[in-house]
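Here is how the chains run, residue by residue.
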Amino acid sequence: MLGRVLCLHALWVLASCHDVARADRSSGSDNAPQRSDDAADDEFSALQQTARRTDASVGAAALGRVTVGKTGTFELDGQEVVLLGGNYVVKAAPYFPPLDVVRRDAKAMAEGARAMAYSPSASANGSPRKVLPVVRLGALFEAAMPERGGATEEDLATEIDQDWATKLEDVVAAFAAEGVYVFLDIHQDAFSTTNGGEGLPWWMAAHMQETATEGESYIVSPEHPMKLFVTEATTWLLQELGVPVPSVQTVADENGPDHEDPWRTFSVGSNDGNPQLMNLGNPSIRLNNNDHAWSQGTLLFTMQVQNIAYRFYNSYLDASDRKHLFDPYVAFVLHLCRVWERHPNVVAVELFNEPPAGGLPNLFGKAVNTRHDLFGFYGEVLRVLGGATPAVRAPIAIEDLFGTLPDANPLLTAVLIDSLPAAAASQLRKWASQGQLVLSFHFYPGFATTVDFPRMVQLAKTEAAKLGDGVPIWLSEYFDGTAQHVADNLASAVELGCNAATFWQYADINYTNEQGWFKYDPEIAAKGGPFDSLTNKINAAAWPAYEETVRNGTFWGGEITGGSGAQMDVLKLVPSRSTLSSRSALKAAAAAAAAA
């Protein structure tokens, strides 16, 4: 899924800079302007109030707290444990399944963990390790702050939507009742609904557009059509290598209402639908955020995503952007950290899913520094959280660019500035020393991820050691087409050295009757759903009825940005180590025979 995206990014860089010297930045340097600690701390005192919820109740099950051990393990009551499970991410409203569905799923996961044949190899001191079931639960920023709030510009609010907050706590408690642990995942793909993704509230992208100074595009609208940064050189190179060239698609029905103005419906300022739902209700957007287009990297190649990424990662450096972008985000993170405090089954809070590169096509002015910018952003988040009262005790999980790792892709490694800002590196070491840092990574093999699974895990160990002492590694996403292969890979991940692993993704397909967290009215389902995955086109027979459900709020979830292909009942299939070894040997023999 992500491998194709990385492939295209790497090829663009190769085509653009093969005869240009690599920009150099000395290790540990940080020449960007910095705000004073006192000013940021004063601003943050108000944000703390919005992130507290005083009426929460702890889940029914009194589970022990899983902590980060001094040697980079997860521990329960002083004993090393491993966490195995799946992602549980609903990418659109209502953002969580009904509680009875959650309870049913949690019970199945717990039973699966007890029934699995797998017993992890012993810990470093020879003691046995227990498997605990876990989910990577999607906590979407757009759901927590659906409106920018505040009556005036000076009165910008950063309040958490209480209905969403209540649902989150109820879902976490439902997992706790069955003994299932939770990673809270601030999930996003391609940043915002306003350009086809999900994650950041739509009003953040709107703010960026309202304050654009050079005519740059942050949203998709009639005035800012979806546009790729792909150059002629990129196109030629991709064609020469036989790699599909991404392209923006629009509806082709000349009699349809969107043909001449494909980016109008649900766009910011159009008064034709809620911009929070543009990723679902605009048919041209759906042509570019469906699973096929997502695998091609279409959205990540847009100017909108590139511009948002660069500006968001640097938002803490500008007073206005800090107020409108950075501060609300940190208030959301702090809210999730307080959820950790109230629920002992919450393991950690993950800051950002698959952070995209930003700044292209400005390669040497912006793009090569995108990793430096991302970690500068992380460092400031950690610094501000470190000043909260009461102190934040939740572990924080971070991902590198795209969710991959340095050296997993030689081309990306060659062109990205890999030194971290000194202040960020210091914060990471500090949080690691406190047992509050986790390295999250994804494994999607392909051209861009040129290393195999064992090498990827080794790279994760190396990167974790660079971040600080005692940082666990968590394989937070990978995909396989069958439940048994998914289960095999859970065991393989642990035996290779992962402390936790969660597959992409778990969905209750008995509830949705679809291959992911999305449902349709019977009339729409009978006509095949709104999008035809065989032809990669809008299903004209079902679309009008589907769009009406988006407009009136009766839709459920969204088949967008890689949201299908879900599995159930995986944990009970995790094999014993002996069976796993036999299967691995058979796979190796088959691969050798195929090569011969």
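For the structure itself, look to the data block above.
Residues numbered from 1 in each chain as written. Predicted model: local features only at pLDDT ≥ 70, side-chain atom pairs only at ≥ 80, totals over all residues. Heavy atoms only, no water.

Peer 1: Would you take a moment to explain helix H13 (residues 370-386) for this structure?
Peer 2: Note that an α-helix has 3.6 residues per turn; residues three or four places apart therefore point the same way. An ideal rise of 1.5 Å per residue puts 24 Å on 17 residues; H13 measures up with 24 Å between its terminal C-alpha atoms. Counting buried residues along H13, 16 of its 17 residues qualify, which places the element largely inside the surrounding structure. (Helix = DSSP H or I, 4+ residues; strand = E, 2+ residues; numbered from the N terminus. Expected span 1.5 Å × (residues − 1). Buried < 20%, exposed > 50% of the residue type's maximum accessible area, 1.4 Å probe, protein only.)

Peer 1: When you look at the packing of helix H11 (residues 303-313) against H13 in this model, what are you seeing that I'm missing?
Peer 2: Two packed helices can be described by the angle between their axes and the distance between those axes. Relative to each other, H11 and H13 sit at 45°, their axes nearing to 8 Å. When the axes of H11 and H13 are compared, the pair comes out oblique. Here Tyr310, Phe312 and Tyr313 of H11 lie close against H13, whose contacting residues are Thr370, Asp373, Leu374 and Phe377. Residue classes in the contact of H11 with H13 are distributed as five nonpolar, one polar and one charged. (Axes fitted to C-alpha atoms, helices over the stretch in contact; angles between N-to-C directions. Parallel < 35°, antiparallel > 145°, perpendicular 65-115°, else oblique. Contact = heavy atoms within 4.5 Å. Nonpolar A, V, L, I, M, F, W, Y, C, P; charged D, E, K, R; others polar.)

Peer 1: Teacher, can you tell me more about unusual backbone geometry here?
Peer 2: For residues besides glycine, phi is generally negative; the peptide bonds are generally trans as well. Look at the link from alanine 93 to proline 94: it is a cis peptide, with omega at 15°. Considering the arrangement of structural elements, one finds proline 94 in the loop between strand E3 (79-88) and helix H3 (99-115). Cis rather than trans, the peptide bond between tryptophan 504 and glutamine 505 has omega equal to -25°. Inspection of the secondary structure assignment puts glutamine 505 in the loop between strand E10 (500-503) and helix H18 (509-512). Positive phi, close to 60°, is recorded for asparagine 513, a residue that is not glycine. Counting through the fold element by element, asparagine 513 comes out in the loop between H18 and strand E11 (518-519). In this structure, asparagine 536 takes a positive phi of about 55° despite not being glycine. Assignment of secondary structure puts asparagine 536 in the loop between strand E12 (531-532) and strand E13 (537-538).

Peer 1: Where do I start with the side chain of threonine 370 in this structure?
Peer 2: By the secondary structure assignment, threonine 370 is in helix H13. Engagement of the side chain of threonine 370 in a polar contact is seen with the backbone nitrogen of glycine 358, the distance being 3.1 Å. Among all residues touching threonine 370, those that are not within four sequence positions of it are Tyr313, Pro356, Ala357, Gly358, Leu401 and Leu416. (Polar contact = N/O pair within 3.5 Å; in protein donor to acceptor, adjacent residues only side chain to side chain.)

Peer 1: Is there a simple way to explain the packing of aromatic side chains in this structure?
Peer 2: How two aromatic rings sit relative to each other is set out by the distance from centre to centre and by the angle between their planes. Applying the stated criterion across every chain, the model contains 29 aromatic pairs. Summarising the aromatic geometry, the rings of tyrosine 88 and tryptophan 517 are spaced 5.0 Å apart at their centres and angled 65° between planes, so their arrangement reads as edge-to-face. In this pair, tyrosine 88 is assigned in strand E3 and tryptophan 517 in the loop between H18 and E11, connecting sequence segments 429 residues apart. We note that tyrosine 88, like tryptophan 517, is buried. Aromatic side chains phenylalanine 312 and phenylalanine 377 sit 5.0 Å apart centroid to centroid with 45° between the ring planes, which places their arrangement in the tilted category. Of this pair, phenylalanine 312 sits in helix H11 while phenylalanine 377 sits in helix H13, placing them 65 residues apart in sequence. With a relative accessible area of 2%, phenylalanine 377 lands in the buried category. Among the aromatic side chains, those forming a connected cluster through ring pairs are Phe96, Phe141, Trp164, Phe191, Phe312, Tyr313, Tyr316, Phe326, Tyr329, Phe332, Phe352 and Phe377. Here the guanidinium or amino end of arginine 65 rests over the ring plane of tryptophan 340, the centre of that ring lying 3.6 Å away. Taking NZ or CZ as reference, lysine 519 lies 4.4 Å from the ring centre of tyrosine 511, over its face. (Phe/Tyr/Trp six-rings, centres within 6.5 Å; stacked < 30°, edge-to-face > 60°. Lys NZ or Arg CZ within 6 Å of the ring centre and 35° of its normal.)

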